[in-house]
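For reference, the chains in residue letters:
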Amino acid sequence: MRAKMELKIIHINEDKTSEVYSSADCQKLIGLMNEYYPKIGFIKPWVVYFVFKDNQVVGTGSFTGHPKTKKLKLHIGHLKNLKDKALLLLNVKNL
């Protein structure tokens, strides 16, 4: 049985000191969102998400912005040490 994946929004000024975000990738992404959100706005659900599996950040997911047509565009990422194709597909399904 596969572990359940969960999405958690990366909020403005997310707590970078949390142990779960200790990886360099998480730290970098949180820093980028602190710069990015003030420029484009923080409008749910059109924000960036961490993807958790077994209480560990394994990737990211986001919409590329509010849809201007009837099509959604997604951005899916994974941490460098996790390149599981099935994980990426589940990430898309969760978004």
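In case you missed it, the structure is sitting above this.
The structure displayed is predicted, hence computed values, not measured ones.

What counts and what doesn't
- Residues numbered from 1 in each chain as written.
- Predicted model: local features only at pLDDT ≥ 70, side-chain atom pairs only at ≥ 80, totals over all residues.
- Heavy atoms only, no water.
- Buried < 20%, exposed > 50% of the residue type's maximum accessible area, 1.4 Å probe, protein only.
- Helix = DSSP H or I, 4+ residues; strand = E, 2+ residues; numbered from the N terminus.
- Pairing = 2+ DSSP bridges.
- Salt bridge = Lys/Arg side-chain N within 4 Å of Asp/Glu carboxyl O.
- Phe/Tyr/Trp six-rings, centres within 6.5 Å; stacked < 30°, edge-to-face > 60°.
- Expected span 1.5 Å × (residues − 1).
- Bend = angle between axes of the 7 residues up to and from the residue.
- Contact = heavy atoms within 4.5 Å.

1. Some points on the pairing of strand S2 (residues 48–53)
- Among the six residues of S2, five are classified as buried, and the element is accordingly described as predominantly covered.
- In terms of strand pairing, strand S1 (residues 5–9) meets S2 through five bridges, oriented antiparallel. Considered in S2, the bridge of Met5 is made with Lys53.
- Where S2 lies against strand S3 (residues 56–63), six bridges are found, and the strand directions are antiparallel. Bridged to Phe50 within S3 is Thr60.
- A loop of two residues connects S2 with S3, the two strands running antiparallel in sequence, and Asp54 in this loop sits at a positive phi of about 55 degrees.

2. As for the pattern of salt bridges
- Enumeration according to the criterion identifies one salt bridge in this entry.
- Between Lys8 and Glu14 there is a salt bridge whose closest N-O contact spans 2.9 Å.
- Looking at Lys8, the relative accessible area reads 30%, which means it is partly exposed.
- A relative accessible area of 12% means that Glu14 is categorised as buried.

3. Side note on the packing of aromatic side chains
- Under the defined criterion, the tally for this structure stands at four aromatic pairs.
- When the ring of Tyr36 is compared with that of Tyr37, the centres are 6.5 Å apart and the planes differ by 45 degrees; the resulting orientation is tilted.
- On the basis of an interplanar angle of 85 degrees and a centroid distance of 4.8 Å, the ring pair of Tyr37 and Phe42 is categorised as edge-to-face.
- Look at Tyr37 and you get buried, because its relative accessible area is 1%.
- A relative accessible area of 27% means that Phe42 is categorised as partly exposed.

4. Some words on helix H1 (residues 24–40)
- For H1, spanning 17 residues, the distance from its first C-alpha to its last is 24 Å, which sits close to the expected 24 Å at 1.5 Å a residue.
- Of all bends in H1, the biggest is about 25 degrees, found at Asn34, and the proline Pro38 comes one to four residues later.
- All of the buried residues along H1 are Cys26, Leu29, Ile30, Gly31, Met33 and Tyr37.
- Contacts made by the buried residues of H1 are with S2 and S3.

All quantities given are derived from atomic positions and should not be read as evidence of function.
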